[in-house]
Amino acid sequence: MKAIVVYLSTSGNTKIMAEAIASGIESKHVDAKAVSFYDVKTEDLNEADAIAVGSSTFYYRMLQPMEKFMDETLASTNPKGKLGAAFGSYGWSGEAPILIAEKMREMGMTVIDPVLRILHKPTDKDVQECKRLGVDIAEKMKQRSKASQPQGTPS
Ligand SMILES: Cc1cc2nc3c(=O)[nH]c(=O)nc-3n(C[C@H](O)[C@H](O)[C@H](O)COP(=O)(O)O)c2cc1C
């Protein structure tokens with residue numbers, strides 16, 4: 001089982017969230033990595049059972065390159081049925097994670113509700129909240145993997 005946390009962050013706030021989410025996933029012994037949108041490879045997306053996507057909000061939407069990534073790169077990997085999570089830092093309106101979750105649902109992904117939004121730079125308490133989302137992702141991945149095993153298969 002593998003999870004990937006893809007983020008786009010202008011001043012590092014959403015990046016802090018991404019790294020905390022990945023560390024929360026790993027704390028449950030599930031393979032996870034936080035990857036900048038610029039470095040993500042299609043094979044990483046293909047291999048992932050869960051995909052978390054984060055962008056800060058700019059001009060009431062997600063950052064433009066992330067929108068392109070969702071519509072073109074992620075959509076082309078056919079993520080239907082995969083687990084998704086959306087997150088991002090924001091300043092006042094915070095639409096980006098909601099819009100990311102919407103796109104994930106349109107692609108047939110199962111998205112963890114609610115999305116995680118943090119105002120400005122994450123505090124220590126916010127980082128703990130991001131880690132908790134990571135734990136939640138890992139636990140849901142385990143449940144889904146168990147549910148998809150044929151009956152009688154030792155776990
Ligand atoms: C030019 C500009 C436009 C912004 N537009 C919005 C916005 O529409 N809504 C919002 O909630 N925050 C907005 N913000 C605030 C950012 O989302 C916020 O600073 C966030 O913490 C940046 O996170 P990052 O470092 O991960 O990119 C804007 C910031 C800038 C500089």
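- The name given to the protein in an unreviewed UniProt entry is FprA family A-type flavoprotein, with the source organism recorded as Methanosarcina flavescens.

## Overview of the site of the ligand
Then step 1. By nearness alone, 18 residues border the ligand, and Thr-10, Ser-11, Ser-56, Ser-89 and Ser-93 come closest of all.
Then step 2. For the ligand, an oxygen atom lies 2.6 Å from a polar atom in the side chain of Ser-56.
Then step 3. At 2.6 Å from an oxygen atom of the ligand is found a side-chain nitrogen or oxygen belonging to Ser-89.
Then step 4. Look at the ligand: alone it shows 640 Å² of surface, and the protein chains cover 82% of it.

## A few points about the UniProt feature "domain: Flavodoxin-like" (unreviewed entry) in the protein
Then step 1. Per the UniProt annotation, the sites labelled "domain: Flavodoxin-like" (unreviewed entry) are residues 3–138.
Then step 2. The span residues 3–138 shows a helical share of 43% and a strand share of 26%, and its end C-alpha atoms are spaced 8 Å apart.

## Some remarks on the packing of helix H1 (residues 13–26) against helix H5 (residues 124–148)
Then step 1. In the contact formed by H1 and H5, the axes pass within 6 Å of each other and the chain directions differ by 45°. Taken together, H1 and H5 sit at an angle that is classed as oblique. Read as a crossing pair, H1 and H5 show a hand that is right-handed. When H1 is examined against H5, the residues Ile-16, Met-17, Ala-20, Ile-21, Ser-23, Gly-24 and Ile-25 are found in contact with a partner set consisting of Val-127, Cys-130, Lys-131, Leu-133, Gly-134, Val-135, Ile-137 and Ala-138.
Then step 2. Residues of the contact of H1 with H5, tallied by class, amount to eleven nonpolar, three polar and one charged.

## Digging into helix H3 (residues 64–76)
Then step 1. Between the first and last C-alpha of H3 there are 18 Å, a value that for 13 residues agrees with the 18 Å anticipated at 1.5 Å per step.
Then step 2. Remark: the principal bend of H3, roughly 35°, maps to Met-70.
Then step 3. Taken together, the buried positions of H3 are occupied by Met-66, Glu-67, Phe-69, Met-70 and Leu-74.
Then step 4. Those residues of H3 that are buried lie in contact with strand E1 (2–8), helix H2 (42–47), strand E3 (50–55), strand E5 (61–62) and helix H4 (96–106).
Then step 5. Of the residues one or two after H3, Asn-78 is the one with positive phi, at around 50°.

The rules behind each value
The residue numbers shown here count from 1 along each chain, following its written sequence. Note on the predicted model: pLDDT of at least 70 is required for a residue's local features to be given, and 80 or more for side-chain atom pairs to be given and counted; whole-chain, interface and lining totals, by contrast, use all residues. Side-chain metrics rest on all non-hydrogen atoms present in the structure, leaving aside hydrogens and water. In these notes, residues near a molecule or strand are those with any non-hydrogen atom within 4 Å of it. Two N or O atoms count as a polar contact when they lie within 3.5 Å, although within protein this holds only if one can serve as hydrogen donor and the other as acceptor, and sequence-adjacent residues are included solely when both atoms are side-chain atoms. Shrake-Rupley sampling with a 1.4 Å probe provides the accessible areas, and residues are treated as covered by the protein chains on show and by no other component. UniProt positions are given in the numbering used here, feature names are shortened, and annotations may be inferred rather than shown by experiment. Put simply, DSSP H or I for four residues or longer makes a helix, DSSP E for two residues or longer makes a strand, and each gets a number counted from the N terminus. Angles here are taken between N-to-C directions and fall from 0 to 180 degrees, while the axes themselves are lines fitted to C-alpha atoms, restricted in helices to the stretch in contact. Oblique is the label for any angle not covered by the other classes, which are roughly parallel (under 35 degrees), roughly antiparallel (over 145) and roughly perpendicular (65 to 115). Here a crossing is called left-handed whenever its near helix is offset anticlockwise from the far helix by less than a right angle, and right-handed whenever the offset is clockwise. Whether two residues are in contact is decided by their heavy atoms, any of which lying within 4.5 Å being enough. Under the scheme applied here, ten amino acids are nonpolar (Ala, Val, Leu, Ile, Met, Phe, Trp, Tyr, Cys and Pro), four are charged (Asp, Glu, Lys and Arg), and all others, including Gly, are polar. Expected span of a helix, by definition, is 1.5 Å for each gap between consecutive residues, and there is one gap fewer than residues. Bending is quantified residue by residue as the angle between axes fitted to the seven-residue window ending at that residue and the seven-residue window starting at it. Exposure categories follow from relative accessible area, calculated using a 1.4 Å probe and restricted to protein chains: below 20% of the type maximum is buried, above 50% is exposed, and the middle band is partly exposed.

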